[in-house]
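Chain by chain, the residues run as shown.
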Amino acid sequence: DAEGQFLAAIRSDPKAPLTHFTLGRIYGKYNRWRQAVASLETAHRLDPDDTEIALGLAMAYHELALRSHEPWREQAKALLEKLETRAPRDVRVLKQLAGLYVFFNQMDEAEARYRKILALDPADFRVRLQLGRSIAEKADRPEAFAEAEKLLAACAADDPLSADVALAQGILAFRADRPRDAVGHLRR
């Protein structure tokens with residue numbers, strides 16, 4: 001019913017970006033990602049400066065990429081990079097962008113975004129975990145190993161049963177040439 005009403009509203013006023021945006025969100029809610037992308041692209045064309053529309057479109061690109069294995073992530077990344085310049089303190093944008101940088105193995109860029117997020121929200125467990133893991137995966141100096149160890153120990157204290165934390169600690173121990181510790185973490 002809502003879809004029909006929004007389609008009727010679009011027929012009445014095809015240049016209303018928020019109507020296209022809302023319809024795109026409805027499609028996304030029901031996992032109709034191609035239709036979500038089409039509606040959100042229209043909304044973005046009509047109002048390219050709206051942060052919410054751009055973020056919604058980037059998220060829809062990412063969801064469509066997950067489901068279709070098509071290269072939508074590249075479009076999401078480009079959109080988020082532009083959006084970051086307009087909204088440099090928007091944690092939602094930074095999280096989405098950091099995740100895409102991890103996907104593209106751009107770990108330095110991901111790490112920079114995770115650090116930026118933690119400066120804005122130091123209590124964010126997932127970001128602390130992701131930062132610790134990204135540091136662990138590329139650490140090559142004692143200071144980097146120590147920083148990753150500290151971040152991951154804090155995460156383990158917050159959630160001692162987290163498989164993600166245990167995996168990150170296992171990666172860190174393996175990379176720090178402590179295979180016995182790595183096995184313990186990975187078994188956990």
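Please refer to the structure placed before this passage.
Undergrad: Kindly report on the overall build of the protein chain, identifying the contributing residues and their values.
TA: The secondary structure content of the protein chain amounts to 11 helices and 0 strands. Counting helices and strands in the order they occur from the N terminus, the protein chain gives α-α-α-α-α-α-α-α-α-α-α. Overall size of the protein chain, expressed as C-alpha extent along the three principal axes, is 65 × 30 × 30 Å. Relative to its 188 residues, the protein chain shows a buried fraction of 44%. Contacts in the protein chain between residues far apart in sequence, at least 24 positions, make up 44% of those at least 6 positions apart. Entry remark: accessible area of the protein chain is about 10400 Å², with carbon and sulfur atoms responsible for 54%. Between the averaged position of the 29 positive side-chain charges in the protein chain and that of its 29 negative side-chain charges there is a distance of 2 Å.

Undergrad: Could you give me a rundown of the pattern of salt bridges, with the residues and numbers involved?
TA: One pass over the full model with this rule turns up 20 salt bridges. Note that aspartate 158 and arginine 128 form a salt bridge whose closest N and O atoms lie 2.5 Å from each other. Here the residue aspartate 158 occupies a position in helix 9 (residues 142-158), and arginine 128 occupies one in helix 8 (residues 125-138), the gap between them amounting to 30 residues. Under the relative-accessibility criterion, arginine 128 is labelled buried at 12%.

Undergrad: Tell me about the packing of helix 3 (residues 33-46) against helix 4 (residues 51-68), residues and numbers included.
TA: Contact pair helix 3 / helix 4: the axes reach a minimum separation of 9 Å and the direction vectors enclose 155°. Judged on the interaxial angle alone, helix 4 and helix 3 are roughly antiparallel. For the element pair helix 3 and helix 4, the recorded crossing hand is left-handed. Residue-level inspection shows Trp33, Arg34, Val37, Leu40, Glu41, Ala43 and His44 of helix 3 in contact with helix 4, the latter providing Ile53, Ala54, Gly56, Leu57, Ala60, Tyr61, Glu63, Leu64, Arg67 and Ser68. A per-class count over the contact of helix 3 with helix 4 returns 10 nonpolar, 3 polar and 4 charged.

Undergrad: So what's going on with the nonpolar core? Which residues, and what values?
TA: Counting residues in hydrophobic clusters, the biggest one holds 51 residues, and the most contacted among them are Val37, Tyr61, Leu80, Tyr114 and Leu129. Among the elements that take part in this core, helix 4 stands out by supplying 9 residues, more than any other.

Undergrad: Before we move on, can you summarise the packing of helix 8 against helix 10 (residues 163-175) with the specific residues and values?
TA: Interaxial distance between helix 8 and helix 10 falls to 8 Å at its minimum, and their mutual angle equals 20°. By the angle between their directions, the pair helix 8 and helix 10 is classed as roughly parallel. Handedness of the helix 8/helix 10 crossing: left-handed. For the pair helix 8 and helix 10, the contacting residues are Phe125, Arg126, Leu129, Arg133, Ala136, Glu137 and Lys138 in the first and Asp164, Val165, Leu167, Ala168, Ile171, Leu172 and Arg175 in the second.

Rules and cut-offs
Residues numbered from 1 in each chain as written. Predicted model: local features only at pLDDT ≥ 70, side-chain atom pairs only at ≥ 80, totals over all residues. Heavy atoms only, no water. Helix = DSSP H or I, 4+ residues; strand = E, 2+ residues; numbered from the N terminus. Buried < 20%, exposed > 50% of the residue type's maximum accessible area, 1.4 Å probe, protein only. Contact = heavy atoms within 4.5 Å. Areas by Shrake-Rupley, 256 points an atom, 1.4 Å probe, with all protein chains shown as cover. Lys, Arg positive; Asp, Glu negative; His and termini not counted. Charge placed at Lys NZ, Arg CZ, Asp CG, Glu CD. Salt bridge = Lys/Arg side-chain N within 4 Å of Asp/Glu carboxyl O. Axes fitted to C-alpha atoms, helices over the stretch in contact; angles between N-to-C directions. Parallel < 35°, antiparallel > 145°, perpendicular 65-115°, else oblique. Left-handed = near helix turned anticlockwise from the far one by under 90°. Nonpolar A, V, L, I, M, F, W, Y, C, P; charged D, E, K, R; others polar. Core = buried A, V, L, I, M, F, W, Y, C linked by side-chain atoms within 4.5 Å.

None of the figures reported here should be taken as evidence of function without further support.
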